[in-house]
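Structure assessment
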Amino acid sequence: QVQLVESGGGLVQAGGSLRLSCVPSGFTVERYAMGWFRQAPGAEREDLTCTSKIDGTNYAESVKGRFTISIDSAKNTVYLQMNNLKPEDSADYYCGTKPSYYCTGYEYDLWGQGTRVTVSS
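To start, this report covers the structure provided alongside it.

Analysis parameters
Position numbers for residues start from 1 in each chain and track the written sequence from start to end. A pLDDT threshold of at least 70 governs which residues receive local features in this predicted model, and a stricter bar of 80 or more applies before side-chain atom pairs are shown or counted, although totals over entire chains, interfaces and linings include all residues. By convention in this description, side-chain values take in all heavy atoms of the structure and omit both hydrogens and water. We count a stretch as a helix when DSSP gives it H or I for four or more residues in a row; a strand needs E for two or more, and each element gets its number in order from the N terminus. Throughout, the radius of gyration refers to the C-alpha atoms, and the reference size of a globule is 2.2 Å times the residue count to the power 0.38. Throughout this description, buried means an accessible area under 20% of the type-specific maximum (1.4 Å probe, protein chains only), exposed means over 50%, and partly exposed covers the range between. Throughout, a contact is declared for two residues whenever any of their heavy atoms are within 4.5 Å. A 1.4 Å probe and the Shrake-Rupley method give the accessible areas. Residues count as covered only by the protein chains that appear here. We treat Lys and Arg as the positive residues and Asp and Glu as the negative residues; His and chain ends play no part in the count. Where a charge lies is defined by one atom per residue type: Lys uses NZ, Arg uses CZ, Asp uses CG and Glu uses CD. To form a nonpolar core, buried Ala, Val, Leu, Ile, Met, Phe, Trp, Tyr and Cys residues must be joined to one another through side-chain atoms within 4.5 Å. Only Phe, Tyr and Trp rings are paired, with Trp represented by its six-membered ring, and only when their centres lie within 6.5 Å; those with planes under 30 degrees apart are stacked, over 60 edge-to-face, the remainder tilted. Think of it as a cone above the ring: NZ of Lys or CZ of Arg counts as a charge over the ring if it is within 6 Å of the ring centre and within 35 degrees of the ring normal. For two strands to pair, DSSP has to find at least two bridges joining them. In this analysis an axis means a line fitted to C-alpha atoms, helices contributing only their contacting stretch, and an angle means the value between N-to-C directions, from 0 to 180 degrees.

1. Structural notes on the overall build of the protein
Per the secondary structure count, the protein includes 0 helices and 11 strands. For the protein, the sequential pattern of α-helices and β-strands runs β-β-β-β-β-β-β-β-β-β-β. At 13 Å, the protein has a C-alpha radius of gyration in line with the 14 Å of a compact globule built from 121 residues. Across its three principal directions, the C-alpha atoms of the protein cover 40 × 30 × 25 Å. Burial status across the protein gives 42% buried among its 121 residues. Put simply, 59% of the contacts in the protein that link residues at least 6 apart link residues at least 24 apart. Accessible surface, the protein: about 6300 Å² in total, of which carbon and sulfur atoms supply 47%. For the protein, the separation between the mean place of its 11 positive charges and that of its 13 negative charges on side chains is 5 Å.

As structure tokens, this is what we get:
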């Protein structure tokens, strides 16, 4: 069964850090473009970052310089390191993969159940 499982969310104070993990089943993390997006209650989905071997890595302006996506091929895991967290970063965070080697021009077609991040002020 092909799926993604996120973990690592929790409650953190503003200025703190969290590292989210995403482990796929049924495929390797480097096979396609992979990224993270988030959705807060009542808000639209916000794409945060995507990485692929073909067109590199991009970040949303809202997280650039604070969040870093990385891949550990040996562990078949995608990480999202989040530093200097702000209350407005509170949301459900999802790991996703796109049906392409490219980040740009494609939408996510598989994502996990999400992990909740809450940042207190």
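Let us keep going from here.
2. With respect to the nonpolar core
Where a protein is soluble and globular, its nonpolar side chains tend to be buried together. Judged by nonpolar contacts, the single largest core of 23 residues is most densely connected at Met-34, Trp-36, Phe-67, Leu-80, Met-82 and Tyr-93. Contributing elements (two or more residues each) for this core: strand 3 (18-25), strand 4 (34-39), strand 7 (67-72), strand 8 (77-82), strand 9 (91-97) and strand 11 (115-120).

3. Here we look at the packing of aromatic side chains
This model, assessed by the stated rule, comprises 4 aromatic pairs. Ring centres 5.3 Å apart and planes at 15° place the aromatic pair Phe-37 and Tyr-94 in the stacked group. With a gap of 57 residues between them, Phe-37 in strand 4 and Tyr-94 in strand 9 connect regions that are remote in the sequence. No difference in accessibility class separates Phe-37 from Tyr-94, as the two residues are buried. Look at Phe-37 and Trp-111: their rings are 6.1 Å apart centre to centre, the planes differ by 80°, and that puts the pair in the edge-to-face class. With Phe-37 in strand 4 and Trp-111 in strand 10 (residues 110-111), the pair connects residues that are 74 residues apart, well separated along the chain. For Trp-111, a relative accessible area of 42% translates into the label partly exposed. Here Arg-19 stacks its cationic end above the ring of Tyr-79, 4.1 Å away from the centre of that ring. When the ring centre of Phe-37 is taken as origin, the NZ or CZ atom of Arg-45, which lies over that ring, is 4.6 Å away.

4. Side note on the sheet that holds strand 7
With antiparallel pairing, 4 strands are arranged side by side in an open sheet as 1-3-8-7. Two strands lie at the open edges of the sheet, namely strand 1 (3-7) and strand 7, each paired on one side alone. Averaged over neighbouring strand pairs, the angle between their axes works out to 20° when direction is ignored. Relative to strand 8, strand 3 runs antiparallel, the two being bridged by 5 bridges. In the sheet register, Arg-19 faces strand 8, and the bridge partner there is Gln-81.

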